[in-house]
Amino acid sequence: MKFTKMQGAGNDYVYVNCFKEILPQDIPNLAKQVSDRHKGIGSDGLILICPSEKADAQMRMFNADGSESEMCGNGIRCVAKYVYDHGIVQSQTLKIETGAGILSLDLDIIDQRVSQVRVNMGRPILNSSEIPTLLTGDPPVNADLQVGDQTIQVTCVSMGNPHCVSFVDEITDYWVHEIGPQVEVHPMFPKRINAEFIEIISQNEMIMRVWERGSGETQACGTGACASAVAGVLTGRTERNVLIHLPGGDLRLEWSESDEVFMTGPAVEVYEGVWTGPQ
Ligand SMILES: N[C@H](CCC[C@H](N)C(=O)O)C(=O)O
């Protein structure tokens, strides 16, 4: 099976062109195998680029643990880059079908290759039952969450996939590696959840690290950045336009007055290869 390794702000996935490749039946197991950074290709997960009857292409995204997610922000930018650079679609504006609906993207082209992508990520989902969370509030804003012997304050938002945002004075490994895994599987989140930790620099700038549902700490999380931008506004900490610094790079976010979230960031092709199966 041919694949392409791509990354957006360091959030790296194995991409398979399902316009051409035939996949094995058990895709969750394939995602686990290819994601293994010692016995596989090594990635945060697997992303399938498929034909669509409703859009230019369809994206299906699987985390490193094999679980399928509704949406992937860094992933959709790379899908757009792939379909343009590989001649599947020649337009600089694309529509991609996802588990969060059909999203529109604008491509920046340099030397006939996509460099940056601006995604209309759609409206944030703020109804607690749709996030989903058992915490009160539509959405929960600065809500108390009991994590072990700690009570932390969280703001929950969905971008089609669920996010739990905590604003902290300093983002340490304690937050990301101790608190993050407990938040991911907390009973207040029936579908598990991605856990973002934010340090505010100004009303227009944040630092973020993330413990992702199904993949652990990643270098960046596009939907998490969107959720954090929304949470910043909901908690009165930031304005609607923010620059977010993640370990793997920067993303520009805007939650517009028309209630749509726009994310701009990089998309990079690293290499192509052939997967011959688990060794
Ligand atoms: N782990 C996420 C999916 C990947 C999201 C992230 N990598 C992004 O760029 O949005 C979830 O299970 O909801």
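As shown above, the structure is provided for reference.
Please read all numbers here as calculations on a predicted model, not as lab measurements.

Rules of the game
Residues numbered from 1 in each chain as written. Predicted model: local features only at pLDDT ≥ 70, side-chain atom pairs only at ≥ 80, totals over all residues. Heavy atoms only, no water. Helix = DSSP H or I, 4+ residues; strand = E, 2+ residues; numbered from the N terminus. Buried < 20%, exposed > 50% of the residue type's maximum accessible area, 1.4 Å probe, protein only. Contact = heavy atoms within 4.5 Å. Areas by Shrake-Rupley, 256 points an atom, 1.4 Å probe, with all protein chains shown as cover. Lys, Arg positive; Asp, Glu negative; His and termini not counted. Charge placed at Lys NZ, Arg CZ, Asp CG, Glu CD. Expected span 1.5 Å × (residues − 1). Core = buried A, V, L, I, M, F, W, Y, C linked by side-chain atoms within 4.5 Å. Domains from an automatic or database assignment. Near = heavy atom within 4 Å. Polar contact = N/O pair within 3.5 Å; in protein donor to acceptor, adjacent residues only side chain to side chain. Nonpolar A, V, L, I, M, F, W, Y, C, P; charged D, E, K, R; others polar.

1. Observations concerning the overall build of the chain
Working step 1: Helices and strands together make up the secondary structure of the chain, namely four helices and 18 strands.
Working step 2: If you line up the chain on its principal axes, its C-alpha atoms span 50 × 40 × 30 Å.
Working step 3: Among the 279 residues that make up the chain, the fraction classed as buried is 55%.
Working step 4: Taking the intrachain contacts of the chain between residues at least 6 apart in sequence as the baseline, contacts between residues at least 24 apart amount to 61%.
Working step 5: For the chain, the exposed surface amounts to about 11600 Å²; the carbon and sulfur share of it is 46%.
Working step 6: Computing the positive centroid from 21 side-chain charges and the negative centroid from 37, the chain places the two 6 Å apart.

2. Observations regarding helix α2 (residues 73–85)
Working step 1: Helix length check: α2 (13 residues) gives 19 Å between terminal C-alpha atoms against 18 Å at 1.5 Å per residue, within 8%.
Working step 2: The buried fraction of α2 amounts to 13 of the 13 residues, a majority that puts the element mostly inside the structure.
Working step 3: Taken from the residues just after α2, Gly-87 is the one with a positive phi, measuring 75°.

3. Digging into the nonpolar core
Working step 1: Within the largest apolar cluster, 53 residues are counted, with the highest numbers of intra-cluster contacts made by Met-121 and Leu-253.
Working step 2: The dominant element in this core, judged by the number of residues it contributes, is α2, at seven residues.
Working step 3: Counting the residues that make up this core, at least three belong to each of domain 1 (2–120 + 265–274) and domain 2 (143–259).
Working step 4: Not counting chain neighbours up to four residues away, the residues in contact with Leu-253 comprise Ala-225, Cys-226, Ala-229, Arg-240, Asn-241, Val-242, Ile-244, Val-261, Phe-262 and Met-263.

4. As for the site of the ligand
Working step 1: In the vicinity of the ligand, 16 residues are found, and the nearest of them are Asn-11, Tyr-13, Gly-73, Glu-212 and Thr-223.
Working step 2: Asn-74 is positioned with one of its backbone polar atoms (N or O) 3.0 Å from an oxygen atom of the ligand.
Working step 3: At a separation of 2.9 Å, an oxygen atom of the ligand approaches a polar side-chain atom of Asn-161.
Working step 4: Protein contacts shield 100% of the accessible area of the ligand, which totals 360 Å² for the unbound molecule.
Working step 5: Sorting the residues of the shell around the ligand by element identifies β2 (11–17), β4 (57–63), α2 and α4 (222–234) as the ones contributing at least two each.
Working step 6: In the shell around the ligand, the residues fall into five nonpolar, nine polar and two charged.

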